[in-house]
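Chain by chain, the residues:
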Amino acid sequence: ARLQLQYTRIVAPISGRLGLRQVDPGNLIRSSDPNGLVVITQVKPISVIFTVPEAEFQAVLTGLRERREMPVEAWDRGDAEKLADGVLRAVDNQIDTTTGTIKLRATFTNDDERLFPNQFVNVRLRVQTIRDATVIPSAAVQRASFGTFVYVIDPDTSTVSIRRVTLGPAQDTRVSITEGLEPGELIVLEGVDDLTDGAKVEVI
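Definitions and limits used
Each chain has its residues counted from 1, running along the sequence as written. For this predicted model, a pLDDT threshold of at least 70 governs which residues receive local features, and a threshold of 80 or more governs which side-chain atom pairs are given and counted, while totals over whole chains, interfaces and linings are taken from all residues. The basis for every side-chain value is the complete set of heavy atoms in the structure, and neither hydrogens nor water enter the calculation. Secondary structure elements are defined from DSSP: runs of H or I of at least 4 residues count as helices, runs of E of at least 2 residues count as strands, and each element is numbered from the N terminus. Only protein chains enter the accessibility calculation, which uses a 1.4 Å probe; a residue is then buried when its area is under 20% of its type maximum, exposed when over 50%, and partly exposed in between. Note on contacts: a residue pair is in contact if any heavy atoms of the two residues lie within 4.5 Å. All tallies of charge rest on Lys and Arg as positive and Asp and Glu as negative; His and the ends of each chain are not included. The atoms used to mark charge sites are NZ of Lys, CZ of Arg, CG of Asp and CD of Glu. Between rings of Phe, Tyr and Trp, where Trp is taken as its six-membered ring, a pair exists when centres lie within 6.5 Å; planes separated by under 30 degrees are stacked, by over 60 edge-to-face, and by other angles tilted. For a lysine, the NZ atom is tested; for an arginine, the CZ atom; a charge sits over a ring if that atom is within 6 Å of the ring centre and within 35 degrees of the ring normal. Pairs of strands are assigned from DSSP output, requiring at least two bridges between the strands. Fitted lines through C-alpha atoms give the axes, limited to the stretch in contact for helices. The angle between two N-to-C directions lies from 0 to 180 degrees.

(A) Fine view of the overall build of the chain. Of the regular secondary structure elements, the chain holds two helices and 14 strands. Over its C-alpha atoms, taken along the principal directions, the chain stretches across nearly 100 × 35 × 30 Å. Considering the chain as a whole, with its 204 residues, one finds that 24% of them fall into the buried category. Expressed as a percentage of contacts within the chain between residues at least 6 apart in sequence, the contacts between residues at least 24 apart total 58%. Separation of charge centres in the chain, based on 23 positive and 28 negative side chains, amounts to 13 Å.

As structure tokens, then:
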């Protein structure tokens, strides 16, 4: 009798968020029913699948080979609010030739359940940290046949000169400079269309 009573109670195999029930009281159900009783979606933890361009993948692969823990941030659709912090866990085994990207998977503890199944999020993956970097607004960077440059202001003569720079990683409206510019130097951000090498400027 005790054995038979065990079959009258259905226990979920995992914990998670339940969807709308597939059956109602009084319905006849069988173990072979394809829809089951209800769909359970695991949300603690939850994983996010995202893609990175093929050109950026080598930096990610280097971090994985060095067994570095690479943090991942999930932001809302408008990229205005951070929803959760996670860690990169897995990488797909091939590059999608149609898009030139590769899939990555990050996991989030999601204790406050701010991430929801099938939710669209913007993902930021930090591959490495560059310390003591010189950072300038991206709008100050100009491009010519000889490469990238900025207009540097000489505070003594109030004239500008062309300075070739080497760009590093960029994020949003900022870009890092690896060569060509020292911290504290003045550069031109607006009105660059009217400038030439040696022109006088007035700092507003």
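(B) The packing of aromatic side chains, seen in detail. Inspection of every chain in the model, using the stated rule, returns two aromatic pairs. Aromatic pair Phe146 and Phe149: ring centres 5.5 Å apart, planes at 40°, arrangement tilted. By relative accessible area, Phe146 is classed as partly exposed at 35%. Considering the side-chain rings of Phe149 and Tyr151, the 5.5 Å spacing of their centres and the 85° angle between planes classify their relative orientation as edge-to-face. On the accessibility criterion, Phe149 (7% relative accessible area) is buried. Chaining the aromatic ring pairs together yields one cluster made of Phe146, Phe149 and Tyr151. For the cation-ring pair, Arg124 lies above Trp75, with the distance from its terminal atom to the ring centre recorded as 3.9 Å.

(C) Structural context of the sheet that holds strand 3 (residues 46-53). Sheet architecture is open: five strands sit in the order 3-6-5-4-7, paired in antiparallel fashion. With partners counted over all chains shown, the strands left at the sheet margins are strand 3 and strand 7 (122-125), one partner each. The average angle at which neighbouring strand axes cross in this sheet is 40°, direction not considered. Across four bridges, strand 4 (residues 71-75) lies against strand 7 in antiparallel orientation. Paired with Ala74 across the strands is Val123, a residue of strand 7. Sheet strands in contact with helix 2 (residues 54-65) are strand 3, strand 5 (82-91), strand 6 (101-108) and strand 7, and its direction is about 125° off that of strand 3.

(D) Just the sheet that holds strand 8 (residues 134-137), in detail. Read from one edge to the other, the open sheet built from three strands follows the order 8-13-12, with strand pairing classed as antiparallel. Two strands in the sheet have a free side with no partner beyond their single neighbour: strand 8 and strand 12 (166-171). Each adjacent strand pair in this sheet contributes to an overall mean axis angle of 35°, direction not counted. Of the strand pairs in this sheet, strand 12 and strand 13 (residues 174-179) are connected by four bridges, and their pairing is antiparallel. Note on strand 13: the bridge partner recorded for Gln171 is Arg174.

(E) Structural detail: the pairing of strand 5. With five bridges joining them, strand 4 and strand 5 adopt antiparallel strand pairing. The partner of Val72 across the bridge, within strand 5, is Gly86. In terms of strand pairing, strand 5 meets strand 6 through five bridges, oriented antiparallel. Of the residues in strand 6, the one forming a bridge with Val91 is Leu104.

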